[in-house]
Amino acid sequence: MAPALEADALTIVRGGQPALRGVSFAVRPGEVHALLGGNGAGKSTTLLAFLGFLAPAQGSVRVEGADVGADPAHARRRIAYLPENAALYGHLDAYENLGYFLGLAGLRAGRGAIDAALDRVALAAAARTRRLEAYSKGMRQKVAIALALLRETPILLLDEPTSGLDPVAIDEFNRLLRELAGAGRSVLMVTHDVYGACQVADRIGLLRDGALVGRFEATPGARIDTEAVHAAFVARETA
Amino acid sequence: MTAALRIARAEWGYWRHSRLLLAALAVFGLLLAAIAVLSAARIESEATRRAAQQQAAEQAFTTQPDRHPHRMVHYGHYVFRTPPPLAVFDPGIDAVAGQALFLEGHRQNSAAFAEAPSAAGVGAFGVPHPALAYQLLVPLLLIALGHAAFAREREAGTLAPLLAQGVRPGQLAAGKAIALGAAALAMLLPAAGLAVLAVAHGEAPAIAALQVLLYAGYLGLWVLAVLLLGALLPRRADVLGALLLAWLATALVLPRLAASHAVAAVPASGKIAADIALLEGLRNAGDGHNAADPAFDALRRQLLAQHGVERVEDLPVNFRGMVATIAEERLTALLNEAAERRMAQERAQSARLAAFAWASPTLATGIASRALAGTDLAAMHRFQREAEALRFEFVQGLNQVHAHALRYADDIQRSVDPEAERRTRVDASHWRLLRAFTFEPAAPAARRDNASAAGAALAAWLLALALGLRFAVARLRP
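Residues numbered from 1 in each chain as written. Chains lettered and ligands numbered in written order. Predicted model: local features only at pLDDT ≥ 70, side-chain atom pairs only at ≥ 80, totals over all residues. Heavy atoms only, no water.

**What to know about the overall build of chain B**
Argument step 1. Summing up its helical and strand segments, chain B has 18 helices and three strands in all.
Argument step 2. On C-alpha atoms alone, chain B measures out to a radius of gyration of 30 Å, which is more than a quarter above the 23 Å that the 2.2 N^0.38 rule sets for 478 residues.
Argument step 3. If one aligns the C-alpha atoms of chain B with their principal axes, the spans along those axes are about 105 × 40 × 35 Å.
Argument step 4. Buried positions account for 47% of the 478 residues belonging to chain B.
Argument step 5. Residue pairs at least 24 apart in sequence account for 81% of intrachain contacts in chain B once pairs closer than 6 positions are excluded.
Argument step 6. When the 45 basic and 38 acidic side-chain charges of chain B are each reduced to a single mean position, those positions are 14 Å apart. (Helix = DSSP H or I, 4+ residues; strand = E, 2+ residues; numbered from the N terminus. Rg over C-alpha atoms; globule rule 2.2 N^0.38 Å. Buried < 20%, exposed > 50% of the residue type's maximum accessible area, 1.4 Å probe, protein only. Contact = heavy atoms within 4.5 Å. Lys, Arg positive; Asp, Glu negative; His and termini not counted. Charge placed at Lys NZ, Arg CZ, Asp CG, Glu CD.)

Pasting the structure below:
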């Protein structure tokens, strides 16, 4: 079976500078894969390449075996993308935001389905009819996650998904991710959060200056060693 | 519902949410409606007044008592340039060129304002007309509504999730274009109302429709320009600055530069200077009031030979009337030649101005709009020619009465002999030779042809912007 996501010797150039340098990795079906790295490491660039928003200068990106450059529409149909800062419309409420984005994706979801998704991300019912401009960052993030759930795509790309969430919400989110992976959905998340990544990821890639400089993998029955990843992360960042 | 329509609806929703944009829409809508109503009332009142004045002038001429025909040549007559039906939308030169012309013997007068209130629109604080509002103000509204169409999504980070839902950049641009285009169409409602009013007053429906279509194209062009710069530039402040600069350059600065260039490039002498330059030619043509002027010696010899008589007193026609006729003919030929020279200079200036239409869609729209409405320079020239034809016709008609209905002997004695003077008064029924004058717009086909070059410039702009937008949107990235 083809990997859900695959980057092969991927090089991306942005503004004349290489943002990714020959990065290769794959995300298997049902796997939670995290990319860790500091600012400017190339994490978000990687996600945008899988969505077909950035064309490789060299190498390739594939979604379920299909080259993204050749068919970006296929990639976008198969992927639910949660951008950094949960970019949604402040003048719309949660229902309107979700209805709009789902409509654009060619999907229809009734109030019941939307409520079920919002229940899963634990967004208070009373908040759902309020405009998002009155939401905290964490609440907006929950709506964005609900959208990713409602898309019911086999692949999720998450950009700093736990940013702005409180510890309880982060735990709930991590449980949700494991549940989704258990149901066969593949997740590629990029984050600064070493602890969170180790809690939830099956494999972790360490990005620095656009290059993949470290890889970690959970063993059966045990999560990835946070101390080891943290040490590698800090060592790389301060090198 | 298609993705483009969803995006358009979302854009309208955003406008509804923004009180500032709602207020801008309401203010512009009310402003346009008010200008349309005021303009319609003003032009209709002008048309009615000038038509009434024309009738009154004709009645005053034809009801003059019995008198010497040459006195009627100097009594003269007024003609009025009634505004065409589409002047309610674009009065064009109406406010800045005279609407009334005094016709008399031996002169071609300049047009003057029919009434003092007619000149009120000339000043800097004159009443704005709908065409001007559409050319200058509505683009500003479109800029206000649409400049942030893409930049807002980019700045809020919503562009990436939008495109990630599978929306193609072309669909996104189409949705934004539908939203902004619908606002432009809504703003066109007063223009459409005025076009219907013009048709009710006799305008050709095709020309009225073409006028509305012209402004739809012009506003469509601004919709494309707003979206093009919005897609190209990253921040909404950049987009707004660039659009305002484009508006300033193409709608305000270039048309004025073009006018200054046209005047400098084609120097025109003007009516007074042309009249002074004509004086020598007119002197050589002879004084029609003086039958003894050597300029008419050849005429005298020719008439005497033609009728086989020795003295002008023995001619079967009044020599003075014949002199007046031939003098008017010579003088009119000179005046017409000078008038055609002046009009050619004005046309050359106009052509220079029109060349700038390729650089300024606002100028192109203004030129095409005035041509379609029949309120352009060509209409003014036609008015001058038609008025001159009437002047020559009735003056020569009176000169013929002078030549054939009056005896020469009475004519030369009338200042010293009261009986002779009485006999030189012809019957007032002769004054009915004056033809009724109505100034009608040029034929629709002629106006359409006059508008075609500027219309082509506008179409080229539309095409270029559409292609530019397509290019920019294809490269739209989060």
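**Some thoughts on the interface of chain B and chain A**
Argument step 1. At the interface, 21 residues of chain B touch 19 residues of chain A.
Argument step 2. For the pair chain B and chain A, the summed buried area comes to about 1800 Å², and 63% of that belongs to carbon and sulfur atoms.
Argument step 3. Broken down residue by residue, the surface that chain B buries against chain A is led by Arg6(B), His17(B) and Gln165(B), which jointly contribute 34%.
Argument step 4. The tally of links from chain B across to chain A stands at zero salt bridges.
Argument step 5. At the junction of chain B and chain A, the tally comes to five residue pairs in polar contact (both at pLDDT 80 or more).
Argument step 6. Of all the elements in the fold, those that place two or more residues in the side of chain B that touches chain A are α1 (3-17), α5 (151-156) and α6 (159-164) of chain B.
Argument step 7. Ranked by residue count, the leading element in the side of chain B that touches chain A is α1(B), at seven residues. (Buried area = accessible area lost by both parts, 1.4 Å probe. Salt bridge = Lys/Arg side-chain N within 4 Å of Asp/Glu carboxyl O. Polar contact = N/O pair within 3.5 Å; in protein donor to acceptor, adjacent residues only side chain to side chain.)

**So, unusual backbone geometry**
Residue and element names in this part refer to chain A.
Argument step 1. For Ala122, which is not glycine, the phi torsion reads 60° and is therefore positive.
Argument step 2. Here Ala122 falls in the partly exposed class, since its relative accessible area comes to 34%.
Argument step 3. Phi is positive for Glu152, which is not a glycine, with a value near 50°.
Argument step 4. Here Glu152 shows up in the loop between α5 (137-151) and β7 (155-159).
Argument step 5. Here Glu152 falls in the exposed class, since its relative accessible area comes to 65%.

**A look at the side chain of Gln211(B)**
All names here are of chain B.
Argument step 1. The topology assignment puts Gln211 in helix α9 (residues 205-232).
Argument step 2. Relative accessible area serves as the criterion here: at 2%, Gln211 is assigned to the buried category.
Argument step 3. A polar atom in the side chain of Gln211 sits 3.2 Å from the backbone oxygen of Ser369.
Argument step 4. In this structure, Gln211 is in contact with Leu86, Phe89, Asp90, Ser369, Leu372 and Ala373, ignoring residues within four places of it in sequence.

**Here's the deal with a nonpolar patch on the surface**
Residue and element names in this part refer to chain B.
Argument step 1. Residues Leu245, Leu248, Val253 and Leu257 make up a contiguous nonpolar surface patch of roughly 370 Å² in combined accessible area.
Argument step 2. Along the polypeptide, Leu248 turns up in helix α10 (residues 236-265).
Argument step 3. Taking relative accessible area as the criterion, Leu248 reaches 39% and is therefore assigned partly exposed. (Patch = residues over 30% accessible without salt bridge, like charges linked within 9 Å, V, L, I, M, F, W, Y side chains within 5 Å. Areas by Shrake-Rupley, 256 points an atom, 1.4 Å probe, with all protein chains shown as cover.)

**Some remarks on the sheet that holds strand β4 (residues 58-63) of chain A**
Residues and elements named next belong to chain A.
Argument step 1. The four strands are arranged β2-β1-β4-β5 in an open sheet whose pairing can be described as antiparallel. Edge positions in the sheet fall to β2 (17-27) and β5 (66-67), since each of these pairs with one other strand and no more.
Argument step 2. Summarising the sheet, strand β1 (residues 5-14) and β4 pair through five bridges and their orientation is antiparallel. Residue pairing for β4: Ala7 is matched across the bridge by Val61. (Pairing = 2+ DSSP bridges.)

**Thoughts on the side chain of Thr424(B)**
Residues and elements named next belong to chain B.
Argument step 1. The topology assignment puts Thr424 in the loop between α17 (418-423) and α18 (444-474).
Argument step 2. Reaching out from Thr424, the side chain makes a polar contact with the backbone oxygen of Glu421 at a distance of 2.6 Å.
Argument step 3. Discounting residues that sit within four places of it in the chain, Thr424 has contacts with Arg67, His68, Pro69, Leu406, Asp410, Asp411 and Arg414.

**So, α1(B)**
Argument step 1. Here α1(B) spans 21 Å end to end across 15 residues, near enough to the 21 Å set by a 1.5 Å rise per residue.
Argument step 2. Taken residue by residue, α1(B) has Ala3(B), Ala4(B), Arg6(B), Ile7(B), Ala8(B), Glu11(B), Gly13(B) and Trp15(B) as its buried positions.
Argument step 3. Elements that come into contact with the buried residues of α1(B) comprise α3 (94-104) of chain A together with α2 (19-62), α4 (130-146), α5 and α7 (169-187) of chain B. (Expected span 1.5 Å × (residues − 1).)

**Some details on the nonpolar core**
Argument step 1. One finds Phe50(A), Ile79(A), Leu157(A) and Ile204(A) to be the most contacted residues of the largest nonpolar core, which totals 171 residues.
Argument step 2. Take this core: its biggest share by element is 14 residues, from α9(B).
Argument step 3. Phe383(B), Leu406(B), Val426(B) and Ala428(B) belong to the second-largest nonpolar core, a separate cluster that totals 23 residues. (Core = buried A, V, L, I, M, F, W, Y, C linked by side-chain atoms within 4.5 Å.)

**Section: the packing of aromatic side chains**
Argument step 1. All chains considered together, the criterion is met by 13 aromatic pairs over all chains.
Argument step 2. With a centroid separation of 5.6 Å and an interplanar angle of 65°, the aromatic rings of Tyr89(A) and Tyr100(A) are classed as edge-to-face. In this pair, Tyr89(A) sits in the loop between β6 (79-82) and α3 while Tyr100(A) sits in helix α3, placing the two residues 11 residues apart along the sequence. Neither Tyr89(A) nor Tyr100(A) differs from the other in exposure class; each is buried.
Argument step 3. An angle of 65° between the planes, with centres 6.2 Å apart, marks the rings of Phe383(B) and Phe437(B) as edge-to-face. In this pair, Phe383(B) is assigned in helix α15 (residues 377-405) and Phe437(B) in the loop between α17 and α18, connecting sequence segments 54 residues apart. Here Phe383(B) and Phe437(B) have matching classes, each one buried. (Phe/Tyr/Trp six-rings, centres within 6.5 Å; stacked < 30°, edge-to-face > 60°.)

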